[in-house]
Amino acid sequence: MLRPDAKAAAVGNAVDQDRLWDLLMRLAEIGALENGGVNRQALTELDTEAKNFVIEWARARGFSAFQDDAANLFVRMPGAAASQDPLIVGSHLDSQPTGGKFDGAFGVLAGLEVLESIRQQGLTPERPIEVAAWTNEEASRFLPGATGSSAFAGTRELSAVLDNRTVDGARVGDELAASIAATRAELRPIHSVRPCASLEIHIEQGPILEQAGLPVGIVKGIQGVRRIQVEILGETAHAGTTQQALRKDALDGAARIMVSLRSLTKDYDDILRLTFGRIDSFPNSPGTVTGKVRLTIDLRHPDKAVMDKVEGLIREVAPAQAHPCRTEVRVLSTVDPIAFDPSIIGLLENCANMMNASGPLMLSGAGHDSLHLGRICPTGMVFVACEGGISHHEAENAKPFDLALGTRVLAAAAWTLANR
Ligand SMILES: [Zn+2]
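Everything numeric here is computed off the predicted structure, so don't read it as measured data.

Q: What is the right way to read the overall build of the protein from this model?
A: Summing up its helical and strand segments, the protein has 12 helices and 16 strands in all. For 420 residues, the compact-globule formula gives about 22 Å, and the C-alpha radius of gyration of the protein, at 24 Å, lands near that figure. Referenced to the eigenvectors of the C-alpha coordinate spread, the extents of the protein come out at roughly 85 × 45 × 40 Å. For the protein, restricting intrachain contacts to residue pairs at least 6 apart in sequence, the fraction spanning at least 24 positions comes to 80%. When the accessible surface of the protein is totalled, it reaches about 17,300 Å², and 49% of it is carbon and sulfur. Side-chain charges of the protein comprise 41 positive and 52 negative groups, with the mean position of each set lying 4 Å from the other.

Have a look at this one:
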């Protein structure tokens, strides 16, 4: 069992609420929107400006900064044992087009506040600590999401992403090269660093903590996401002359599939998430019986076995309900759920107790960079309450006290892991 010691407590207590808040507000000026949010999408000039802001912060305190082939940025606090694998504390600086000030940015700046707290105590950790800003977690400007952390963890090859296009038509490989050239940090190969462990702090982006009146939660895992496409193949026909009994109406079939799946997957614990987010209907003409429908289903659950079971159900229900239309079911993409390392969860709980932040265990409904880091090293996450559970919105907000309290838990855990 990993327990924080007196130095971990000192580091946690050195976290400065005003200093952290001030840093958050200064970063939020980069890409600031009128209604209080930010538009700082991945690999834009504003994203690079945010990275250079972090690099200047590091330089002013004598820390070095590195970037890798995926334009991930790292601020490094050296350890007494320089050759040891570093602890990584990170999140992302990119935002949605109408994003908030805290999603991602808080995780990076809280990491800087951890370094500042250690420095102020005059301490040197055994292992190096690196604060990471991962590229394109949001996937608002180009796919795939978590480009940087997935390439770093090797869960996805960076080369497979380079020819993707941004929404504004640029080639991702060219945008990466331009961002790296404009970022004032030394380049190092992406797989030259293996973290000993990884931590991330993030606003909850949901209402659970606020509703419970609790500022800080400990994340036990992240649910998986599977996109499944059901193609329903009927026959186009005249809407006025074709008898109902003779029709092969693909949209009717889609409707029956959706109603049937909704009732068959009713989850009284409300953990399963099944969303019929997209219907492409052909020819999509009011006077014509629909010949073909592409229904895209988004399926999320923390247990892979349940995801497999629901996928099996979709494969059974689709042909049965769409009859006399034919159906084809394909998995478009899948990300398995992750359960975080029990030793890190235990440490974060101990740190939360020490900092008087009763941190309940909770699941993350949204994906995060830690999903990828968790595949290569012991990983954990801390959540902080956000106002109304609102995120990916300009109104996104969190309390300075809660942000600082979460950062205290993060700092105590980081110190403990860097000295293990
Ligand atoms: Zn985020």
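Q: Can you help me understand the packing of aromatic side chains in this one?
A: The description of an aromatic ring pair uses the distance of the two centres, along with the angle that the planes make with each other. One pass over the structure, following the stated rule, counts five aromatic pairs. Ring centres 5.7 Å apart and planes at 40° place the aromatic pair Phe-74 and Phe-152 in the tilted group. Here the residue Phe-74 occupies a position in strand β2 (residues 73-77), and Phe-152 occupies one in helix α5 (residues 147-153), the gap between them amounting to 78 residues. Note on Phe-74: relative accessible area 1%, which makes it buried. Look at Phe-152 and you get buried, because its relative accessible area is 1%. Residues Trp-134 and Phe-152 carry aromatic rings whose centres are separated by 4.9 Å and whose planes lie at 55° to one another, so their mutual orientation is tilted. With a gap of 18 residues between them, Trp-134 in strand β4 (residues 129-134) and Phe-152 in helix α5 connect regions that are remote in the sequence.

Q: Explanation requested: the domain arrangement of the protein in the structure shown.
A: A common way to state how big an interface is: give the accessible area lost once the parts meet. The assigned domain composition of the protein is domain 1 (6-222 + 337-418) and domain 2 (224-335). Our count for the domain 1 to domain 2 interface comes out at zero salt bridges. Taken together, the residues that form the side of domain 1 that touches domain 2 break down as four nonpolar, one polar and one charged.

Q: How should the side chain of Arg-226 be read in this particular structure?
A: Mapped onto the secondary structure, Arg-226 falls in strand β8 (residues 224-233). A polar side-chain atom of Arg-226 sits 2.7 Å from a polar atom in the side chain of Glu-311. Once residues lying within four places of it in the same chain are set aside, the contact partners of Arg-226 are Ile-297, Asp-298, Leu-299, Lys-304, Met-307, Asp-308, Glu-311, Val-331, Ser-333, Thr-334 and Asp-336.

Q: Honestly, the nonpolar core in this entry has me stumped. Any pointers?
A: Soluble globular proteins tend to pack their nonpolar side chains together in the buried interior. The biggest cluster of nonpolar side chains holds 80 residues, and the ones touching the most others in it are Leu-87, Phe-106, Leu-199, Leu-403 and Val-409. With 12 residues, the single largest contributor to this core is helix α12 (residues 400-418). Ignoring sequence-local partners within four residues, the contact set of Val-409 consists of Val-216, Leu-348, Cys-351, Ala-352, Met-355, Ala-357 and Val-382. Among the nonpolar cores identified, the runner-up in size contains 23 residues, and Ile-228, Leu-272, Leu-274 and Met-307 belong to it.

Q: What is the right way to read the coordination of the zinc ion from this model?
A: At the metal site, the zinc ion is ligated by His-92 (NE2), Asp-103 (OD) and His-202 (NE2), and these contacts range over 2.0 to 2.2 Å. Each donor residue of the zinc ion belongs to the same chain, with the gaps between them written as H-x10-D-x98-H. With His-92 in strand β3 (residues 87-92) and His-202 in strand β6 (residues 197-203), the pair connects residues that are 110 residues apart, well separated along the chain. Given a relative accessible area of 1%, His-202 falls into the buried group.

How each quantity is defined
Residues numbered from 1 in each chain as written. Predicted model: local features only at pLDDT ≥ 70, side-chain atom pairs only at ≥ 80, totals over all residues. Heavy atoms only, no water. Helix = DSSP H or I, 4+ residues; strand = E, 2+ residues; numbered from the N terminus. Rg over C-alpha atoms; globule rule 2.2 N^0.38 Å. Contact = heavy atoms within 4.5 Å. Areas by Shrake-Rupley, 256 points an atom, 1.4 Å probe, with all protein chains shown as cover. Lys, Arg positive; Asp, Glu negative; His and termini not counted. Charge placed at Lys NZ, Arg CZ, Asp CG, Glu CD. Phe/Tyr/Trp six-rings, centres within 6.5 Å; stacked < 30°, edge-to-face > 60°. Buried < 20%, exposed > 50% of the residue type's maximum accessible area, 1.4 Å probe, protein only. Domains from an automatic or database assignment. Salt bridge = Lys/Arg side-chain N within 4 Å of Asp/Glu carboxyl O. Nonpolar A, V, L, I, M, F, W, Y, C, P; charged D, E, K, R; others polar. Polar contact = N/O pair within 3.5 Å; in protein donor to acceptor, adjacent residues only side chain to side chain. Core = buried A, V, L, I, M, F, W, Y, C linked by side-chain atoms within 4.5 Å. Donors = N, O, S within 2.8 Å, 3.2 Å for Na, K, Ca; no water.

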